[in-house]
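# Observations on the three-dimensional arrangement
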Amino acid sequence: MADSTHYSPIAKASWPWTGKLTEDLAAWSPKFRIIALEPHGQMRDFLAQKRLQNVTVMDGLAQHIPLPDESVDCVLAAQVAQHFAFHWFASVQSLSEICRVLKPRGSLGLIWNVEDYNSPRSFQVQTKWEEQLREIIWALDDGQPRLKSEMWQSAFDSSVAKQLFRLPLNLETWRLS
């Protein structure tokens, strides 16, 4: 991204913290032309009021992105607090639509902030209290395709998704101390 002269990402905005990722992208590089896609009117207005440079705030859903074919370089969705945008649209229909708007060799980036206590069971926790808290949180599982359940990956299991995306998924993990 940093080497591109004109990079056009879509940042999926969501929840009351609307625009955290969008703000960071806009501040990082003035050459980005960012499209912030948000279906909720009040949240869209909240983001638009920030008047971020090179950011276009649009009404839309991941299942129906109001952009032409092959018009963006990447689609990003990130978690803020306990709410992650991708679990709202983890479906083959959304993945097909995302591929439609991506330029050839474009990318889909899914970003999580994972605390040990809210992590998948396959993740190693660092402390006993986080392990205990994680067990309590898991007991309250809502069945949504969140990171902790790893169910979000099932959206990529269909034959359609396998044709759209290079699989296996490139999963990277960074731990901040």
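Anything mentioned here points back to the structure above.
Scope of this entry: the structure provided in the associated data block. (Residues numbered from 1 in each chain as written. Predicted model: local features only at pLDDT ≥ 70, side-chain atom pairs only at ≥ 80, totals over all residues. Heavy atoms only, no water.)

### So, the packing of aromatic side chains
Tallied over the full model, the rule gives 1 aromatic pair. Aromatic pair W28 and F32: ring centres 5.6 Å apart, planes at 75°, arrangement edge-to-face. Residue F32 is classed as buried on the basis of its relative accessible area, which comes to 0%. (Phe/Tyr/Trp six-rings, centres within 6.5 Å; stacked < 30°, edge-to-face > 60°. Buried < 20%, exposed > 50% of the residue type's maximum accessible area, 1.4 Å probe, protein only.)

### Describing unusual backbone geometry
Most peptide bonds are trans, and most residues other than glycine sit at a negative phi. For N54, which is not a glycine, the phi torsion comes out positive at approximately 60°. Summarising the element assignment, N54 is placed in the loop between α2 (41-48) and β3 (55-58). When its relative accessible area of 34% is taken as the criterion, N54 is described as partly exposed. One non-glycine residue, R105, lies in the positive phi region at around 70°. Its place among the elements puts R105 in strand β6 (residues 102-111). Judged by relative accessible area, R105 falls into the exposed class, the value being 85%. (Helix = DSSP H or I, 4+ residues; strand = E, 2+ residues; numbered from the N terminus.)

### Some thoughts on the nonpolar core
In terms of nonpolar packing, the biggest core is built from 23 residues, with L67, V72, F86, L95 and F156 touching the most fellow members. Residue assignment for this core shows that the elements contributing at least two residues are β2 (34-37), β4 (72-80) and α3 (92-101). Here the element with the most residues in this core is α3; it accounts for 4 residues. Of all hydrophobic cores here, the second largest spans 11 residues; its members include I34, L47, C74 and A78. (Core = buried A, V, L, I, M, F, W, Y, C linked by side-chain atoms within 4.5 Å.)

### Topic: the environment of R44
Locating R44 in the fold gives a position in helix α2. When its relative accessible area of 18% is taken as the criterion, R44 is described as buried. Separated by 15 residues in sequence, R44 and D59 place their C-alpha atoms 7.2 Å apart. Leave out the neighbours within four places in its chain, and R44 touches E38, P39, V57, M58 and D59. Here E38 takes part through its backbone oxygen, which lies 2.8 Å from a polar atom of the side chain of R44. (Contact = heavy atoms within 4.5 Å. Polar contact = N/O pair within 3.5 Å; in protein donor to acceptor, adjacent residues only side chain to side chain.)

### Brief notes about the environment of D45
The residue D45 is located in helix α2 in this model. Residues D45 and V57, spaced 12 residues apart in sequence, show a C-alpha to C-alpha distance of 8.5 Å.

### Brief notes about helix α4 (residues 128-139)
With 12 residues, α4 should reach 16 Å at 1.5 Å per residue; the first-to-last C-alpha distance of 17 Å fits that figure. Buried within α4 we find E130, R134, I137 and W138. Buried residues along α4 cover an arc of 95° about the axis, so they all sit on one side. Exposed side chains of α4 directed beyond 90 degrees from the buried face belong to K128, I136 and A139. (Expected span 1.5 Å × (residues − 1). Arc of directions from axis to C-beta.)

### As for the pattern of salt bridges
All chains considered together, the criterion is met by 5 salt bridges. Across the pair D59 and R44 runs a salt bridge whose closest N-O atoms are separated by 3.1 Å. Here the residue D59 occupies a position in the loop between β3 and β4, and R44 occupies one in helix α2, the gap between them amounting to 15 residues. The exposure class assigned to D59 is partly exposed, which follows from its relative accessible area of 47%. With a closest N to O distance of 2.8 Å, R100 and E97 form a salt bridge. Note that R100 and E97 are positioned in helix α3 at a spacing of 3 residues, about one turn of the helix. (Salt bridge = Lys/Arg side-chain N within 4 Å of Asp/Glu carboxyl O.)

Honestly, that's just the spatial picture; any functional story needs more than this.
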